[in-house]
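Each chain is listed here by its residues.
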Amino acid sequence: MPDLSPSATRHTELVDQAVTRLSPRWTTWTLQTIHHHGPMRLADINSTLPWVGVHAMAQIMRRMQRSGLLDRPQFGVYDLTPLGRDTRHVHRALSAWHRTHLADGTASLAEAERSEDALGRLRGKGTIPLLRALAQYGPLPNGALRDEAALATGSFHYRITQLQTDQLVTRTSPFSGRGSEYTLTSAARGLTPVYAELAEFARKAHAAATRPDQHGATAQQAVRAGAAVRRSPAASSELFSHVVAPQPRVPAYVTARSHPSRTR
């Protein structure tokens, strides 16, 4: 019996959110590099990942900061946030799945490469809803599967073709036509523990984004405030190079006496 509960739908949404955050190229490599070496400067990260260009790496670091995966504890130095460290559980599940179900010709792949390849197979609009629909309902024909995933015809055909290439979906018959249906491969059916880790990661990401800091602002508000400071032409870099100490309270009568009169 398929699970049609709101919790099942929410689980699918969480998995999709986690994949969107973690699947951009070189994200896994960057996270695992900093996890292994500790806080690093951009030049050192580039030296460790020489196949990524300097400008591309700078863009990757900015994106990962916006995603809440990286922080800059000091100028020019990058480190993992608590959320970034939590990706280890996801990467471990992805790598184990890849090693078990896609072993042919991949024996020499690094663990980061396995994780990125697995995330790449789950990436893309409609991928997770399509896999969920097949997991819930079993083999489905074109029209029913497209409706369950809520995809336009062109998007559906592109995505279902890609899923077949990625060895996650197969036809029940070798030829398209009347009566042909799609079903999950054994590799796709083995994704259950990966989905669980991705959903848990997305829950942690949501909690981190809405958790107030010591001043009462959420992480999302802090990111927006930082962006506003960077965009402001009047903001001097010297003003924000250190944490401003809170100013002591001044009694009202002292303020009134020291304030120049507005009258002539």
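Details of the structure are given in the entry above.
Residues numbered from 1 in each chain as written. Predicted model: local features only at pLDDT ≥ 70, side-chain atom pairs only at ≥ 80, totals over all residues. Heavy atoms only, no water.

*Asks:* Before we go on, may I ask you to explain the sheet that holds strand E6 (residues 181–184) in this structure?
*Replies:* In a beta sheet, neighbouring strands are held together by backbone hydrogen bonds and run either parallel or antiparallel to one another. Here we have 3 strands laid out as an open sheet, ordered E4-E6-E5, and antiparallel in their pairing. Looking at strand neighbours, the two that pair on one side only are strand E4 (140–141) and strand E5 (169–171), the edges of this open sheet. The pairing of E4 with E6 spans 2 bridges and is classified as antiparallel. If you follow Leu140 over to E6, its bridge partner there is Tyr182. Sheet contacts for helix H9 (residues 153–165): E5 and E6; angle to E5, the most-contacted strand, approximately 100°. (Pairing = 2+ DSSP bridges. Helix = DSSP H or I, 4+ residues; strand = E, 2+ residues; numbered from the N terminus. Contact = heavy atoms within 4.5 Å. Axes fitted to C-alpha atoms, helices over the stretch in contact; angles between N-to-C directions.)

*Asks:* Whenever I open this one, helix H11 (residues 192–210) confuses me. Can you help?
*Replies:* An α-helical segment advances 3.6 residues per turn. Residues three or four places apart therefore align on the same side. Here H11 contains 19 residues, and its C-alpha end-to-end distance of 28 Å stays within 8% of the 27 Å for a straight helix at 1.5 Å per residue. By the burial criterion, the buried members of H11 are Val194, Tyr195, Leu198, Ala199, Phe201, Ala202, Ala205 and Ala209. End-on, the buried residues of H11 take up no more than an arc of 160°, which puts them together on one face. The outward face of H11, more than 90 degrees from its buried face, is lined by the exposed residues Thr192 and Pro193. (Expected span 1.5 Å × (residues − 1). Buried < 20%, exposed > 50% of the residue type's maximum accessible area, 1.4 Å probe, protein only. Arc of directions from axis to C-beta.)

*Asks:* Where do I start with the packing of aromatic side chains in this structure?
*Replies:* The relation between two aromatic rings is expressed through the spacing of the ring centres and the mutual angle of the planes. According to the stated counting rule, one finds 3 aromatic pairs in the structure shown. With centroids separated by 5.3 Å and ring planes inclined at 75°, the aromatic side chains of Trp29 and Trp51 adopt a geometry described as edge-to-face. On the criterion of sequence distance, the pair formed by Trp29 in helix H2 (residues 27–37) and Trp51 in the loop between helix H3 (42–48) and helix H4 (54–66) is long-range, its members being 22 residues apart. The exposure class assigned to Trp29 is buried, which follows from its relative accessible area of 18%. (Phe/Tyr/Trp six-rings, centres within 6.5 Å; stacked < 30°, edge-to-face > 60°.)

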